[in-house]
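Here is what each chain is made of, one letter per residue.
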Amino acid sequence: MTQRRQTARFAPSLPPMLLLAAVFFLGCMSRYSAAAEETGTGYTLAAYLQYEVREPRFALIPQSARPGYPVTVAYSYDFESLGAQAQSLRAVLVSADGRRLSRAAFFSLPPQEGHGAPVKAAVLAIPFTAAFGDVTIRIESEEYTIRDLPFFIEDRQFHSETIFLDQRNTTIRTAPNPQRVAESQHIWGIFNRTGTDIYSGDAFLRPVTSTRRTSDFGSRRVFQYVTGDADTTFHFGIDYGVPTGTDVMASARGRVVLARYRIVTGNSVVLEHLPGVYTLYYHMDSLAVSEGDIVEAGALLGQSGVTGLATGPHLHWEVRVSGESADPDAFVSRAVLDKNEIFSQLTTW
């Protein structure tokens, strides 16, 4: 069964003399799909039984990564042959025991000279809670598994820290507040929305010139309240310890999808850069942009501050990929959507 799955190919057009053989072949495939369903593999070739000779091609960049890092998945094929299924294509990170760790929707890349077949890409993040080892990145639609690509999660260790909160910050975190709940639901709606616009796939700029950090991505945090109680959570971004009034710049070209005051994060800005890829800028003293603005890399977003849940002046910088927290440093080190690299690495698997 496994070998058959690995060697599956698209069926070519059939001349009239071979119609009978084609009917027999399709019947065999139907029995194979039913058997696969019975064995729990969930794999079917029905999506591939199109009269098309071009084989699908795939790219996976990189082919191993640490927790918190992004992965670009590309898929090249004549997607019209998939019909409505092409609109629901997604990449899913699947653990060795079958758990779905993260996912991202595919979006279309602009045509590349010299490459005729359409290409779709997806950017997903390795959760910072993921254990190291062999996993799978699955390309699938609503009904079909198209291809399983092997991937390896590298080992990574994170820091731990204890943060002591005063009465104001304790109240922000613990007191019931319907507005805080509504704000959380609103921003999660943004994170889980996948558009089609590509504003930038370049490597990110850091939002401030200072290199002083007061907290790193993925830190395991213990909040110590004035009541004596404690709460354990994670830090989803990087904190830069900069004075109030420090200029905060856009990390890349993007659209402002949020620019407002929020109870927990204070004056906040969220930029959309790619479908499902966002940067977040929290605890600012003032804002210089409005929702709906298109900003360029390095554009002024506002000044840093100490608004919301904050124990001192700083900028919290965060990246979200289809809702999953990702390490901002990984986006500075390389372009997350390097189209030249994607097209050069497209190959059969």
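Residues numbered from 1 in each chain as written. Predicted model: local features only at pLDDT ≥ 70, side-chain atom pairs only at ≥ 80, totals over all residues. Heavy atoms only, no water.

(A) Focus on unusual backbone geometry. With omega at -10 degrees, the peptide bond leading from isoleucine 61 into proline 62 counts as cis. With respect to the helices and strands, the residue proline 62 is situated in the loop between β1 (57-61) and β2 (64-65). Positive phi outside glycine occurs at histidine 283, with the angle close to 70 degrees. Despite not being glycine, serine 322 has its phi angle at roughly 50 degrees, a positive value. Along the chain, the position of serine 322 falls in the loop between β21 (315-321) and β22 (324-326). Residue class for serine 322 comes out buried when judged on its relative accessible area of 9%. (Helix = DSSP H or I, 4+ residues; strand = E, 2+ residues; numbered from the N terminus. Buried < 20%, exposed > 50% of the residue type's maximum accessible area, 1.4 Å probe, protein only.)

(B) Layout of the side chain of serine 200. For serine 200, the position within the fold is in the loop between α4 (178-191) and β11 (213-215). Taking relative accessible area as the criterion, serine 200 reaches 8% and is therefore assigned buried. Within the local environment of serine 200, its side chain forms a polar contact with the backbone nitrogen of aspartate 202, the two atoms lying 3.3 Å apart. Sequence-distant contacts of serine 200, defined by excluding residues within four places in its chain, comprise Ala252, Arg253, His273 and Leu274. (Polar contact = N/O pair within 3.5 Å; in protein donor to acceptor, adjacent residues only side chain to side chain. Contact = heavy atoms within 4.5 Å.)

(C) Representation of the packing of aromatic side chains. Under the criterion given, the structure shown has 12 aromatic pairs. With centroids separated by 6.2 Å and ring planes inclined at 65 degrees, the aromatic side chains of phenylalanine 128 and phenylalanine 158 adopt a geometry described as edge-to-face. Remark: phenylalanine 158 occurs in the loop between β9 (145-153) and β10 (160-164) and phenylalanine 128 occurs in the loop between β7 (119-125) and β8 (133-140); sequence separation between them is 30 residues. In this pair, the class of phenylalanine 128 matches that of phenylalanine 158, namely buried. Among the aromatic residues, ring-to-ring pairing joins Phe128, Phe158, Phe217, Phe234 and Phe236 into one connected group. Positioned over the ring face of phenylalanine 79 is lysine 120, at 5.3 Å from the centre of the ring. (Phe/Tyr/Trp six-rings, centres within 6.5 Å; stacked < 30°, edge-to-face > 60°. Lys NZ or Arg CZ within 6 Å of the ring centre and 35° of its normal.)

(D) Representation of the sheet that holds strand β5 (residues 100-105) within the structure. Pairing is mixed across the open sheet formed by 5 strands, whose spatial order is β2-β9-β8-β4-β5. Looking at the sheet topology across the chains shown, the edges are occupied by β2 and β5. One ladder, built from 5 bridges, connects strand β4 (residues 90-94) with β8; its direction is antiparallel. For arginine 90, the partnering residue across the bridge sits in β8 and is glutamate 140. (Pairing = 2+ DSSP bridges.)

(E) How the structure looks around the pattern of salt bridges. Under the counting rule described, the total for this entry stands at 16 salt bridges. As a salt-bridge pair, arginine 255 and glutamate 272 come within 3.0 Å of each other at their nearest N and O atoms. Here glutamate 272 lies in strand β17 (residues 266-274) and arginine 255 lies in strand β16 (residues 254-262), a separation of 17 residues in the sequence. With a relative accessible area of 4%, glutamate 272 lands in the buried category. The network of salt bridges with common partners includes Arg90, Arg100, Glu140 and Glu142. (Salt bridge = Lys/Arg side-chain N within 4 Å of Asp/Glu carboxyl O.)

(F) Spatial organisation of the side chain of serine 219. Secondary-structure assignment places serine 219 in the loop between β11 and β12 (220-224). Those residues within four positions of serine 219 in sequence are excluded, and the remaining contacts are His159, Glu161, Thr233, Phe234 and His235.

(G) Summary view of the sheet that holds strand β3 (residues 70-76). Spatially, β1-β3-β7-β6 is the arrangement adopted by the 4 strands of the open sheet, whose pairing is antiparallel. Both outer strands of the open sheet, β1 and β6 (107-108), are each paired with one neighbouring strand and no more. Two strands pair when backbone bridges link them, and β3 and β7 are joined in this way by 7 bridges, in the antiparallel orientation. Paired with alanine 74 across the two strands is alanine 121, which belongs to β7.

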